[in-house]
Amino acid sequence: MTPLVLPGRLESLEQVAEFVHAAAREAQLTDKVANRLQLAVDEVATNVVMHAYQEKGRDGELYLAADIDAGALRLHVEDTGEAYDPTTRPDPTNLDAPLEEREIGGLGLFLARRSVDELLYSRRGDRNRMTFVVNRPAPA
Amino acid sequence: MLEILPTPAEGFALVTLRGDINSASAPQVEQAITAALAGQNPPRCVLDLSGLTYTSSAGLRVFLACAKRIKTAGGTFVLCAVQPAVYDVLDVSGFTRILTLAPDLAAARLLFPS
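If you're wondering where the values come from, they're calculated on a predicted model, not measured in any experiment.

Thresholds applied
- Residues numbered from 1 in each chain as written.
- Chains lettered and ligands numbered in written order.
- Predicted model: local features only at pLDDT ≥ 70, side-chain atom pairs only at ≥ 80, totals over all residues.
- Heavy atoms only, no water.
- Helix = DSSP H or I, 4+ residues; strand = E, 2+ residues; numbered from the N terminus.
- Rg over C-alpha atoms; globule rule 2.2 N^0.38 Å.
- Buried < 20%, exposed > 50% of the residue type's maximum accessible area, 1.4 Å probe, protein only.
- Contact = heavy atoms within 4.5 Å.
- Areas by Shrake-Rupley, 256 points an atom, 1.4 Å probe, with all protein chains shown as cover.
- Lys, Arg positive; Asp, Glu negative; His and termini not counted.
- Charge placed at Lys NZ, Arg CZ, Asp CG, Glu CD.
- Axes fitted to C-alpha atoms, helices over the stretch in contact; angles between N-to-C directions.
- Parallel < 35°, antiparallel > 145°, perpendicular 65-115°, else oblique.
- Left-handed = near helix turned anticlockwise from the far one by under 90°.
- Buried area = accessible area lost by both parts, 1.4 Å probe.
- Salt bridge = Lys/Arg side-chain N within 4 Å of Asp/Glu carboxyl O.
- Nonpolar A, V, L, I, M, F, W, Y, C, P; charged D, E, K, R; others polar.
- Expected span 1.5 Å × (residues − 1).

*Asks:* I would appreciate a short explanation of the overall build of chain A in the present structure.
*Replies:* Scanning chain A for helices and strands turns up three helices and five strands. Shown N-terminal to C-terminal, the secondary structure of chain A runs as helices and strands in the order β-α-α-β-β-α-β-β. Relative to the compact-globule value of 14 Å for 140 residues, chain A shows a C-alpha radius of gyration of 15 Å, a close match. Its C-alpha atoms give chain A principal-axis dimensions of roughly 50 × 35 × 25 Å. Looking at chain A residue by residue over its 140 residues, the buried ones come to 44%. Sequence separation of 24 or more characterises 63% of the internal contacts of chain A that already satisfy a separation of 6 or more. Of the roughly 7300 Å² of accessible surface on chain A, 48% is carried by carbon and sulfur atoms. Taken together, the 16 basic and 24 acidic charged side chains of chain A have centroids lying 4 Å from each other.

*Asks:* Looking at this model, I keep getting lost on the packing of helix 1 (residues 26-36) of chain B against helix 2 (residues 57-72) of chain B. Mind explaining?
*Replies:* To describe two helices that pack against each other, one gives the angle between their axes and the distance between the axes. Residue and element names in this part refer to chain B. Direction vectors running N to C along helix 1 and helix 2 enclose 25°, while the axes themselves pass 9 Å from each other. Comparing the axis directions of helix 1 and helix 2 gives the class roughly parallel. The hand of the helix 1/helix 2 crossing is right-handed. Residues Ala26, Val29, Glu30, Ile33 and Thr34 of helix 1 lie in contact with helix 2, whose contacting residues are Ala58, Gly59, Val62, Ala65, Cys66 and Arg69.

*Asks:* Looking at this model, I keep getting lost on the interface of chain B and chain A. Mind explaining?
*Replies:* Note: interface size is frequently given as the accessible area lost on complex formation between the parts. Facing the 24 residues of chain B at the interface are 26 residues of chain A. Taking both sides of the interface into account, the surface hidden between chain B and chain A amounts to around 2100 Å²; carbon and sulfur atoms contribute 58%. Viewed at the interface, chain A and chain B are joined by four salt bridges. The shortest N-O distance in the salt bridge between Lys71(B) and Glu100(A) comes to 2.5 Å. Counting residues per element, the ones that place at least two in the side of chain B that touches chain A are strand 3 (44-55), helix 2 and helix 3 (84-92) of chain B. Of the residues forming the side of chain B that touches chain A, the biggest block, eight residues, is contributed by helix 2 of chain B. Of the residues in the side of chain B that touches chain A, the class split is eleven nonpolar, seven polar and six charged.

*Asks:* What's the story with helix 2 of chain B in this structure? I'm lost.
*Replies:* All names here are of chain B. Relative to the 22 Å expected for 16 residues at 1.5 Å per residue, helix 2 spans 22 Å between its end C-alpha atoms, a close match to the ideal helical length. Where helix 2 is concerned, the buried positions are Ser57, Ala58, Gly59, Leu60, Val62, Phe63, Leu64, Ala65, Cys66, Ala67 and Ile70. A positive backbone phi angle near 80° is found at glycine 74, which sits one or two residues after helix 2.

*Asks:* Teacher, can you tell me more about the pattern of salt bridges here?
*Replies:* Side-chain pairs of opposite charge can arise where the charged atoms are in close proximity. This structure, assessed with the given rule, holds eleven salt bridges over all chains. Where Arg124(A) meets Glu78(A), a salt bridge forms, and the shortest distance between an N and an O atom there is 3.7 Å. Here the residue Arg124(A) occupies a position in strand 4 (residues 118-124), and Glu78(A) occupies one in strand 3 (residues 72-79), the gap between them amounting to 46 residues. A salt bridge links Asp96(A) to Arg97(B); its shortest N-O distance comes to 2.6 Å. Remark: Arg97(B) occurs in the loop between helix 3 and strand 5 (100-102) and Asp96(A) occurs in the loop between strand 3 and helix 3 (108-114); the pair is interchain, linking two chains.

Purely spatial values, then, with no claim about function.
What follows is the structure in structure tokens.
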């Protein structure tokens, strides 16, 4: 897959989704698995745009790349925000609360984590890298 | 791509959503629901999700905010015809237990006896 660089803005999310689905097609993932990967990447890319860039008043890009081998698709999203490892955040604990007590928000990373086989963080130079690992089905 | 169709209905506001909800398009959904509810007391709203194929947590956030606001005002908020990919996200987030879901629009209508 040819890597893709997009402006770090919410308007880029549709192109992020297109990149994800192109990678998923190349890796021959099912539609269901591809949609879950889209959700995971969408949530993380949204957090980058909103928290690493917009809230800090910074401009930046989203750097997308994908590696496919026999066992898995690994999709990488990099940003130039401050070092931040979202995988250390605990899951929400109020999923069974009644409507009145549910807080608005806080679900994005929880959904991202459960939608892929592995979600990995690394810091590479001045970039944060999130890697989404989806196992490929064994050949028939 | 998200398409929002405010649809005429009797006795409640009906908003039909088609396509995808992400954080870029979610604010339009909230605006459409708010506009559809203008002048209704108590607020009664049905979202027809038969054509909604995807939502991120940004859509859940809008559904939850609207459900809370409408409940506080003594009204009714119903999601109908939720498709499997969207249902999965609602369910794992605990939303299928706190929101009112109807299998289709005909079933949603029954929740608003005239």
